[in-house]
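# Summary of the model geometry
Residue strings, one per chain:
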Amino acid sequence: ATTGLYTHEAAAFRATADAFYLDGAMRRDKTVKVHVPWDESDYQIDVSTGDGWTEYKRIIDRCSELGIDHLIFEPHNDRHSARANTTDGWGWEQALWFTMGERIREGAFDPRSDPMPDDILQI
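My aim in this report is to walk through the structure given alongside it, one point at a time. In this text the structure is predicted, and so the values were computed from the model without any measurement.

Per the secondary structure count, the chain includes 6 helices and 2 strands. Mapped from its N terminus to its C terminus, the chain presents α and β elements in the order α-α-β-α-β-α-α-α. Here the C-alpha atoms of the chain give a radius of gyration of 19 Å, more than 25% beyond the 14 Å that 2.2 N^0.38 yields for 123 residues. Summed over all atoms, the accessible surface of the chain reaches about 8,900 Å², with 55% contributed by carbon and sulfur. Taken together, the 13 basic and 23 acidic charged side chains of the chain have centroids lying 6 Å from each other.

Laid out in structure tokens, this is it:
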């Protein structure tokens, strides 16, 4: 019985998809190290404050020391969002798009045309 899969077609599909992946070196080296900071309850850290940013920077630095070069960025930023204003069931909208998720939904920020706020660019 044939599978319906043509070897050349499968290879072409893989090559096409591979061209868009941003993790080529990690896949080649057979390792991807990603830190998920919600284990530190990072969504409670307000990076709009000096203390909050210092705390989050400590998480990033520790990841770097451990050879982890990817992390999910989920703190909140009172300059741009508030968890009380989220419309999703989990309350994560405030952390999406580097804390600009609510403003995108509200039409107050368009990532295609509006400049990213300086405090976010410093990340």
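There is more to say, and it comes next.
This part takes up the side chain of E93. Tracing the backbone through its elements, the reader meets E93 in the loop between β2 (70-71) and α4 (96-99). Here the side chain of E93 touches R105 through a polar contact of 2.5 Å, side chain to side chain. Those residues in contact with E93 that lie beyond four places of it in its chain are N85, T86, T87, D88, G101, E102 and R105.

It is possible for side chains bearing opposite charge to pair when their charged atoms get close. Counted under the stated rule, the structure contains 6 salt bridges. As a salt-bridge pair, R62 and E65 come within 3.1 Å of each other at their nearest N and O atoms. Residue R62 and its partner E65 are located together in helix α3 (residues 50-65), separated by 3 residues, close to a single helical turn. A single burial state applies to R62 and to E65, both of which are exposed. The network of salt bridges with common partners includes E93, R105 and E106.

On to unusual backbone geometry, then. Glycine aside, residues mostly have negative phi angles, and peptide bonds mostly take the trans form. Although it is not a glycine, S41 sits at a positive phi angle of roughly 55 degrees. Of note, S41 is situated in the loop between β1 (34-35) and α3. Residues other than glycine seldom take positive phi values, yet T99 does so here, at roughly 75 degrees. In this structure T99 comes out as buried when scored by relative accessible area, which is 1%.

What follows is about the nonpolar core. Membership of the largest hydrophobic core is limited to 5 residues, which are I45, V47, Y56, I59 and F73. If sequence neighbours within four positions are ignored, Y56 has contacts with P37, D42, I45, V47, L71, I72, F73, E74 and P75.

What follows concerns α3. Over its 16 residues, α3 extends 22 Å from the first C-alpha to the last, a length consistent with the 22 Å expected when each residue adds 1.5 Å. Along α3, the residues classified as buried are G52, Y56, I59 and C63. One side of α3 holds all its buried residues, which, seen down the axis, span an arc of 45 degrees. Along α3, exposed side chains directed more than 90 degrees from the buried face belong to G50, D51, R58, R62, S64 and E65. Looking at the buried residues of α3, the elements they touch are β1 and β2. Within two residues after α3, G67 carries a phi angle of roughly 80 degrees, on the positive side.

Cut-off values and rules
- Residues numbered from 1 in each chain as written.
- Predicted model: local features only at pLDDT ≥ 70, side-chain atom pairs only at ≥ 80, totals over all residues.
- Heavy atoms only, no water.
- Helix = DSSP H or I, 4+ residues; strand = E, 2+ residues; numbered from the N terminus.
- Rg over C-alpha atoms; globule rule 2.2 N^0.38 Å.
- Areas by Shrake-Rupley, 256 points an atom, 1.4 Å probe, with all protein chains shown as cover.
- Lys, Arg positive; Asp, Glu negative; His and termini not counted.
- Charge placed at Lys NZ, Arg CZ, Asp CG, Glu CD.
- Polar contact = N/O pair within 3.5 Å; in protein donor to acceptor, adjacent residues only side chain to side chain.
- Contact = heavy atoms within 4.5 Å.
- Salt bridge = Lys/Arg side-chain N within 4 Å of Asp/Glu carboxyl O.
- Buried < 20%, exposed > 50% of the residue type's maximum accessible area, 1.4 Å probe, protein only.
- Core = buried A, V, L, I, M, F, W, Y, C linked by side-chain atoms within 4.5 Å.
- Expected span 1.5 Å × (residues − 1).
- Arc of directions from axis to C-beta.

Interpretation in functional terms is not warranted from these geometric data alone.
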